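Topology and contacts: notes
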Amino acid sequence: ARPGIFDEPEVGLSGRPSSEPVPDGDFVVRDGVLVEYHGAQEHVVVPSQVHSLANAVFWNTEATRTVTLPEGLRSLGGDTFYNCRNLEHLQIPSTVEVAGDNPFANCPKLVLENRSPHFRCEDGLLLNREGTRLIYCAIQGRSSSVDVPDGVVSIGKHAFHNCRRLDRIVLGEDVRIVENNPFSNLPRLRLDNRSAHFVFRDGALYNKTMSTLFYYEHGWESDRLDIPEGMKIVGRHSFYNCRGIRSL
């Protein structure tokens, strides 16, 4: 289900409670935050007064091919453009400082450009400026493998979601944090773990104490997983679309 735009009432830039949303054509804007989009345009131009995009605001907007974001935009919410299947081009303006959990998940045609000094684009990967957090991997691309760059400490939620071209991802030695199943819906993937902070065993990725399970490989040769004693937490979406497993 689509997540709620706001869990709690927003506070405006002045510190006072935010005003009522203001319709602007297909857009609903509240204190500079785009909270709803109701259009079905192929080419969307976000109003110039918008400084933030709320979580999931363009969720499932399948008619859209391009989105023009205004200079002055400061933040992209999580899942902002989730499942915009026909989105072909988007440029991150130079003013954007913050990006939530993979704003571009499941956009199979997207060619992303970045003009912001707060992010880096490298070989189809979007990272923060310091290169410590991997936010997004392009679904398009020629390579069937990705080496998570040195220095990446955290792999964000659904960062590789539906990147079905990939059959190999190498977790580097610096990776310490794996958020909500970054490797969801990759039927051919073979994970190569080189981080001492994780254990990969029998198709499952655990933390180093094997108390938390993060991910189970779709194509693992066995249809059974024996979860070890001492394992306390099964992470969100760990078994997402794992059709081959028959027994836990």
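Numbering of residues starts from 1 in each chain and follows the order in which that chain's sequence is written. Restriction of local features to residues with pLDDT of at least 70 applies here, the model being predicted, together with a cutoff of 80 or more for giving and counting side-chain atom pairs; totals for whole chains, interfaces and linings are based on all residues. Hydrogen atoms and water are omitted, and side-chain values are computed over all heavy atoms in the structure.

1. Description of the pattern of salt bridges
What counts, and what does not: By salt bridge we mean one thing: a side-chain nitrogen of Lys or Arg within 4 Å of a carboxyl oxygen of Asp or Glu.
Here the structure, examined in full by the defined rule, presents 13 salt bridges. Connected via shared salt-bridge partners are Asp147, Arg168, Asp192 and Arg194.

2. What to know about the environment of Leu126
Formally: Where helices and strands are cited, they refer to DSSP runs of H or I of at least four residues and of E of at least two residues respectively, numbered from the N terminus. Exposure classes here rest on a 1.4 Å probe applied to the protein chains alone. A residue is buried below 20% of its type maximum, exposed above 50%, and partly exposed in between. We call two residues in contact whenever any of their non-hydrogen atoms come within 4.5 Å of each other.
With respect to the secondary-structure elements, Leu126 resides in strand E12 (residues 125-128). Among the residues examined, Leu126 registers a relative accessible area of 1% and is labelled buried. Residues Leu126 and Glu97, spaced 29 residues apart in sequence, show a C-alpha to C-alpha distance of 13 Å. If we ignore the near neighbours within four places in the chain, the residues touching Leu126 are Ile92, Phe104, Leu112, Phe119, Arg120, Cys121, Arg133, Leu134, Ile135 and Tyr136.

3. Re the side chain of Asp79
Inspection of the secondary structure puts Asp79 in the loop between strand E7 (75-76) and strand E8 (89-92). The exposure class of Asp79 is buried, given its relative accessible area of 9%. Not counting chain neighbours up to four residues away, the residues in contact with Asp79 comprise Ala56, Trp59, Asp101, Asn102, Pro103 and Lys157.

4. Looking at the pairing of strand E21 (residues 212-216)
A regular strand places its side chains on the two faces of the sheet in alternate fashion. To be explicit about the condition: Note on pairing: DSSP must find at least two bridges between two strands before they are called paired.
For E21, a buried count of 5 out of 5 residues is recorded, marking the element as mostly surrounded by other parts of the structure. Both strand E20 (residues 204-207) and E21 contribute to a ladder of 3 bridges, which runs antiparallel. From the neighbouring strand, Leu205 faces E21, where its bridge partner is Tyr215. In this structure, the hairpin formed by E20 and E21 is closed by a connection of 4 residues, where Met210 is found at a positive phi of approximately 55°. As judged from the 2 bridges shared by E21 and strand E22 (residues 233-234), these two strands associate in the parallel manner. Paired with Leu213 across the strands is Val234, a residue of E22.

5. So, the packing of aromatic side chains
Basically, it comes down to this: Pairing of aromatic rings covers Phe, Tyr and Trp, the last through its six-membered ring, and needs centres within 6.5 Å; plane angles under 30 degrees mean stacked, over 60 mean edge-to-face, and all others mean tilted.
Counted by the stated rule, this structure contains 11 aromatic pairs. Ring geometry for Tyr37 against Phe58: centres 5.0 Å apart, planes inclined by 45°, an arrangement best described as tilted. Remark: Phe58 occurs in the loop between strand E5 (52-53) and strand E6 (66-68) and Tyr37 occurs in strand E3 (residues 33-37); sequence separation between them is 21 residues. Phe58 matches Tyr37 in its accessibility class, with the two residues each being buried. Take Phe58: its relative accessible area is 1%, and that puts it in the buried class. Aromatic rings pair up to connect Phe27, Tyr37, Phe58, Phe81, Phe104 and Tyr136 into one cluster.

6. Side note on the sheet that holds strand E15 (residues 154-155)
Strand pairing in a sheet relies on backbone hydrogen bonds, with the paired strands running either antiparallel or parallel. Across the sheet, which stays open at both edges, the 5 strands sit in the order E11-E12-E13-E15-E17 with mixed pairing between neighbours. Only two strands of the sheet have a single neighbouring strand rather than two, namely strand E11 (119-122) and strand E17 (177-178). In terms of strand pairing, E12 meets strand E13 (residues 133-137) through 3 bridges, oriented antiparallel. Paired with Leu126 across the strands is Tyr136, a residue of E13.

7. Some points on the confidence of the model for the chain
What counts here: Each residue carries a pLDDT score, the predictor's confidence in it, ranging from 0 to 100.
Per-residue pLDDT for the chain has a mean of 91; in total, 91% of the residues score no lower than 70. For the stretch residues 1-18, pLDDT sits under 50, and the model shows 25 contacts to residues farther than four places along the chain or on other chains.

8. Overview of the nonpolar core
Quick note on the threshold: Buried Ala, Val, Leu, Ile, Met, Phe, Trp, Tyr and Cys residues that are joined via side-chain atoms within 4.5 Å together make up what is termed a nonpolar core.
If you look at the biggest cluster of nonpolar residues, it comprises 30 residues, and the most contacted ones within it are Leu34, Leu53, Phe58, Leu69, Phe81, Leu90 and Phe104. Not counting residues up to four positions away in its chain, the partners in contact with Phe81 are Leu53, Phe58, Val67, Leu69, Leu87, Leu90, Pro103, Phe104, Ala105 and Cys107.

9. Looking at the sheet that holds E22
Read across the sheet, 4 strands follow the order E19-E20-E21-E22 without closing on themselves; strand pairing throughout is mixed. The strands lining the two open edges of the sheet, one partner per strand, are strand E19 (198-201) and E22.

10. Observations regarding empty space enclosed by the protein
Heads up, the condition is: In this analysis, the protein atoms alone were mapped onto a 1 Å grid. Cavities are point sets where a 1.4 Å probe fits without being able to get out; pockets are open sets with protein on both sides within 12 Å along at least five of seven lines; lining residues have an atom within 4 Å of a point. Grid points are joined across faces, edges and corners, and a volume is the space filled by probe spheres set on the points. Polarity classes work like this: nonpolar for Ala, Val, Leu, Ile, Met, Phe, Trp, Tyr, Cys and Pro, charged for Asp, Glu, Lys and Arg, and polar for all others, with Gly in that last group.
Using the criterion set out here, one finds 1 cavity of 30 Å³ or more in the structure. Each pocket or cavity is described by its volume, and for the largest cavity that value is around 40 Å³. Lining of the largest cavity is provided by Tyr216, Glu217, His218, Trp220, Ser222, Cys242, Gly244 and Ile245. Grouping the constituent residues of the lining of the largest cavity by class yields 4 nonpolar, 3 polar and 1 charged.

11. Things to note about unusual backbone geometry
With a phi close to 50°, Asp202 is a non-glycine residue in the positive phi region. Judged by its relative accessible area of 45%, Asp202 is partly exposed. Its identity as a non-glycine residue notwithstanding, His237 has a phi of 60°, on the positive side. Relative to the elements of secondary structure, His237 occurs in the segment after E22. Looking at His237, the relative accessible area reads 32%, which means it is partly exposed.

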